[in-house]
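# Coordinate analysis (summary)
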Amino acid sequence: MTARRTSTARRHRWTRELLLVAVLYLVYDSSRFLVRGDLQAARHNAARLLDAERWLHLSPELWLNTKFSRHPSLGVFGDFSYASLHYLVTPAVLIWLWRARPAVYRRARTWLALTTVFALAGFILYPVAPPRLMPSVYGFTDTMAAHAGIGWWSGDASAPKGLGSLTNQFAAMPSLHVGWALWCGLILVRHAQDPSVRTLGVLYPPMIAVVVMGTGNHYFADVLAGAAVTVLCAVLTGPLLRARDRLFPGNGAASALPPQPRRHPAADSAELPKAAIRGTPDRR
C-alpha cells in the first residue's frame, strides 16, 4: 500500500512540474496577445536602441548579420539553433535538475519562471521590432526567411510554417533566448560534475547571443538586457521563496523535491550491529 501511495505521489509531482513548465512556455507565447502597438511604433523603438548602441560604439549586430547572410552554412546553423535549442535545452536542463539535483531544483525552476515573467513585462511595456523587420536601409537580412525552405520555420521568426500568427514579432527586448541560455549555462557550470558539460555551460550562452544577432532577431541591447534580467531574477529568487514559505508554511521545498527512495526498516536494523561493533572500543 505504501509503495502504491509513493508511486501516486511521484506521478502527481511529475504532472505538476510538467504543467509548470508548460505554463512557462504559454506565458512566453501569450505575450503576442498582450503587446500593444504596431510595426511603426516597434520600429521607432528599435531605431532608438540602434542610435544608442552606435553612440556607445556597441553595435555588432549588423556585422554579425552580414556574416551569417553571406555564408549559407553559418546562416543555416544559426537558423536551426535559434528555432530549436530554445525549446530543447531549457527543459532538458530542468529535467536533469529534477532527477540529479533535486535539492536545487525548486530554486532553479523559480528563477527560470521569474526570468520569463520579467521578460514578458519587457515585451509588453517596450515592443521592439527585431533587426529583420527594420526597413532595408538599415541593411539587415532575415536569414530565417531566406532559409525557410529547408527548415520547419516560416518567414515569421521561428514559428512553424502556417503558425506565424502565433508568435510575437516584437518580443525582442529583452532577449529571452539569451536569458534562458544564460540560466542553462550557469546551472550547468555550478551543478554539473563532468568538466565537458561545464564547458558546454560556459560556451552555450555566448553562442546563443551570437546566433540571435547573426540571424537578425535581436540587437546587442536585447542581449545585454536578457542577461541582466536573468541575473536580477537570480538575486530575487531567494527572497521570493522565503516570502512564499512564510505565507504558506509546509508547502515549500519538500513538496517540490522528487520523492526519494525509502530504505526498508530491516535494512536499517541489519546495519545496527555493525555500527555498534564499529563504535565499541577495543577493551582487550
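For the structure, check the block above.
Notes on the structure follow. (Residues numbered from 1 in each chain as written. Predicted model: local features only at pLDDT ≥ 70, side-chain atom pairs only at ≥ 80, totals over all residues. Heavy atoms only, no water.)

### Let's talk about the nonpolar core
- In this structure, V93, L97, W183, I187 and V212 are the most contacted members of the largest nonpolar core, which totals 34 residues.
- The set of elements that each furnish at least two residues to this core consists of α5 (72-100), α6 (102-125), α8 (176-191), α9 (195-214) and α10 (220-247).
- Within the second largest apolar cluster, 15 residues are counted, among which are L49, F170, A172 and A221. (Core = buried A, V, L, I, M, F, W, Y, C linked by side-chain atoms within 4.5 Å. Buried < 20%, exposed > 50% of the residue type's maximum accessible area, 1.4 Å probe, protein only. Helix = DSSP H or I, 4+ residues; strand = E, 2+ residues; numbered from the N terminus.)

### Quick look at unusual backbone geometry
- Cis geometry is adopted by the peptide bond preceding P174, which originates at M173 and carries an omega value of -5 degrees.
- As for its position among the elements, P174 is in the loop between α7 (143-146) and α8.

### Quick notes on the packing of aromatic side chains
- Inspection of the entire model under this criterion finds two aromatic pairs.
- The interplanar angle of 80 degrees and the centroid separation of 5.2 Å between the aromatic rings of W98 and Y105 together place this pair among those described as edge-to-face. An identical accessibility class is assigned to W98 and Y105; each is buried.
- On the numbers, 6.4 Å between centres and 85 degrees between planes, the contact of F140 with Y219 is edge-to-face. Of this pair, F140 sits in the loop between α6 and α7 while Y219 sits in the loop between α9 and α10, placing them 79 residues apart in sequence.
- Y219 gets classed as buried once you look at its relative accessible area, which sits at 0%. (Phe/Tyr/Trp six-rings, centres within 6.5 Å; stacked < 30°, edge-to-face > 60°.)

### Some words on the pattern of salt bridges
- One pass over the structure, following the stated rule, counts two salt bridges.
- Here D245 ties to R106 by a salt bridge, and the two come within 2.6 Å at their closest N and O atoms. Within this pair, whereas D245 is found in helix α10, its partner R106 is found in helix α6, the two being separated by 139 residues in sequence.
- Overall, D245 belongs to the partly exposed group, its relative accessible area being 27%.
- Given a relative accessible area of 10%, R106 falls into the buried group. (Salt bridge = Lys/Arg side-chain N within 4 Å of Asp/Glu carboxyl O.)

### Description of α10
- Along its 28 residues, α10 runs 40 Å from first to last C-alpha, staying within 8% of the 40 Å computed at 1.5 Å per residue.
- Of all the bends found along α10, the most pronounced is centred on L236 and spans about 35 degrees, while P239, a proline, follows it within four residues.
- Those residues of α10 not exposed but buried are A221, D222, V223, A225, G226, V229, T230, C233, T237, G238 and L241.
- On its buried face, α10 is in contact with α3 (39-55), α6, α8 and α9. (Expected span 1.5 Å × (residues − 1). Bend = angle between axes of the 7 residues up to and from the residue. Contact = heavy atoms within 4.5 Å.)

### Observations concerning the packing of α5 against α8
- The geometry of α5 relative to α8 is characterised by a closest axis approach of 10 Å and an angle of 35 degrees between their N-to-C directions. Here the hand of the crossing between α5 and α8 comes out left-handed. Contact with α5, carried on its side by Y82, H86, V89, T90, V93, L94, W96 and L97, involves L176, H177, W180, W183, C184, I187, L188 and H191 of α8 and no other residues of that element.
- A breakdown of the residues in the contact of α5 with α8 according to their chemical character gives twelve nonpolar, four polar and no charged. (Axes fitted to C-alpha atoms, helices over the stretch in contact; angles between N-to-C directions. Left-handed = near helix turned anticlockwise from the far one by under 90°. Nonpolar A, V, L, I, M, F, W, Y, C, P; charged D, E, K, R; others polar.)

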